[in-house]
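Breakdown of the fold
Residue strings, one per chain:
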Amino acid sequence: MNIDRMEFMSWMERIMDRFDILGEHFENTQKQKSAIDGEELLDSQDLFMMLKVSSRSLQRYRSSGKLPYYTISGKLYYKLSDVNQFVRDSFSAPLRKQIKTIPDK
């Protein structure tokens with residue numbers, strides 16, 4: 001069986017279009033799986049990279065109640081809005097140092 005170049009390119013283009021469609025479908029499915037009430041869920045690995053903290057620090061935040069979490073099938077998840085609120089609450093504005101002036105004699 002002999003296929004000319006134009007026919008081959010046509011087939012390859014159709015195959016690549018199918019891959020694009022499958023890729024989009026896969027991405028949409030992944031987004032739906034990692035969402036609750038339409039909100040994105042992050043797992044511990046995501047938070048390690050996002051916050052640059054250790055697993056122990058993350059455990060401390062959970063234990064102290066500073067960072068709400070959800071357990072689904074034995075795995076810990078965090079709502080993105082909860083993580084953003086945790087970061088906002090943890091951020092403290094820099095303290096301004098008062099400069100003491102020496103009174104003139």
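Before any of the text, the structure's been laid out above.
Just so it is clear, the model here is predicted, and its values are computed rather than measured.

Section: the overall build of the protein
- Per the secondary structure count, the protein includes four helices and four strands.
- A buried classification covers 15% of the 105 residues belonging to the protein.
- In the protein, 48% of the contacts between residues at least 6 apart in sequence involve partners at least 24 apart.
- Surface accessibility of the protein: about 9600 Å² in total, with carbon and sulfur atoms responsible for 54%.

Considerations on the side chain of aspartate 43
- By the element assignment, aspartate 43 lies in strand 2 (residues 39-43).
- Discounting chain neighbours no more than four positions away, the residues touching aspartate 43 are Lys75, Leu76, Tyr77 and Tyr78.

Overview of a nonpolar patch on the surface
- Taken together, the side chains of Ile3, Phe8, Met9, Met12, Ile15, Met16, Phe19 and Leu22 define a hydrophobic patch exposed on the protein surface, amounting to about 750 Å² of accessible area.
- Note on placement: phenylalanine 8 falls in helix 1 (residues 5-33).
- Take phenylalanine 8: its relative accessible area is 43%, and that puts it in the partly exposed class.

Brief notes about unusual backbone geometry
- Positioned with a positive phi, lysine 52 is a non-glycine residue whose angle comes to about 55°.
- Structurally, lysine 52 can be placed in the loop between helix 2 (44-51) and helix 3 (55-63).
- Phi is positive for serine 73, which is not a glycine, with a value near 55°.
- The topology assignment puts serine 73 in the loop between strand 3 (70-72) and strand 4 (75-79).

Details of the packing of helix 2 against helix 4 (residues 80-90)
- Where helix 2 contacts helix 4, the two axes come as close as 13 Å, and the packing angle between them is 30°. Taken together, helix 2 and helix 4 sit at an angle that is classed as roughly parallel. Once helix 2 is placed against helix 4, the crossing between them reads as right-handed. Contacts between helix 2 and helix 4 involve Leu47, Met50 and Leu51 from the former and Leu80, Val83, Phe86 and Val87 from the latter.

A closer look at the packing of aromatic side chains
- Taken as a whole and assessed by the stated rule, the structure comprises one aromatic pair.
- Positioned above the aromatic ring of tyrosine 69 is the side chain of arginine 62, whose terminal nitrogen or guanidinium carbon lies 5.7 Å from the ring centre.

Some details on the pairing of strand 4
- Here strand 2 runs beside strand 4; their pairing, made up of three bridges, is antiparallel. Looking at the pairing, aspartate 43 lines up with tyrosine 77 of strand 4.
- With three bridges connecting them, strand 3 and strand 4 associate as antiparallel partners. Bridging from a neighbouring strand, threonine 71 pairs with leucine 76 of strand 4.

Reading the values: rules and limits
Residues numbered from 1 in each chain as written. Predicted model: local features only at pLDDT ≥ 70, side-chain atom pairs only at ≥ 80, totals over all residues. Heavy atoms only, no water. Helix = DSSP H or I, 4+ residues; strand = E, 2+ residues; numbered from the N terminus. Buried < 20%, exposed > 50% of the residue type's maximum accessible area, 1.4 Å probe, protein only. Contact = heavy atoms within 4.5 Å. Areas by Shrake-Rupley, 256 points an atom, 1.4 Å probe, with all protein chains shown as cover. Patch = residues over 30% accessible without salt bridge, like charges linked within 9 Å, V, L, I, M, F, W, Y side chains within 5 Å. Salt bridge = Lys/Arg side-chain N within 4 Å of Asp/Glu carboxyl O. Axes fitted to C-alpha atoms, helices over the stretch in contact; angles between N-to-C directions. Parallel < 35°, antiparallel > 145°, perpendicular 65-115°, else oblique. Left-handed = near helix turned anticlockwise from the far one by under 90°. Phe/Tyr/Trp six-rings, centres within 6.5 Å; stacked < 30°, edge-to-face > 60°. Lys NZ or Arg CZ within 6 Å of the ring centre and 35° of its normal. Pairing = 2+ DSSP bridges.

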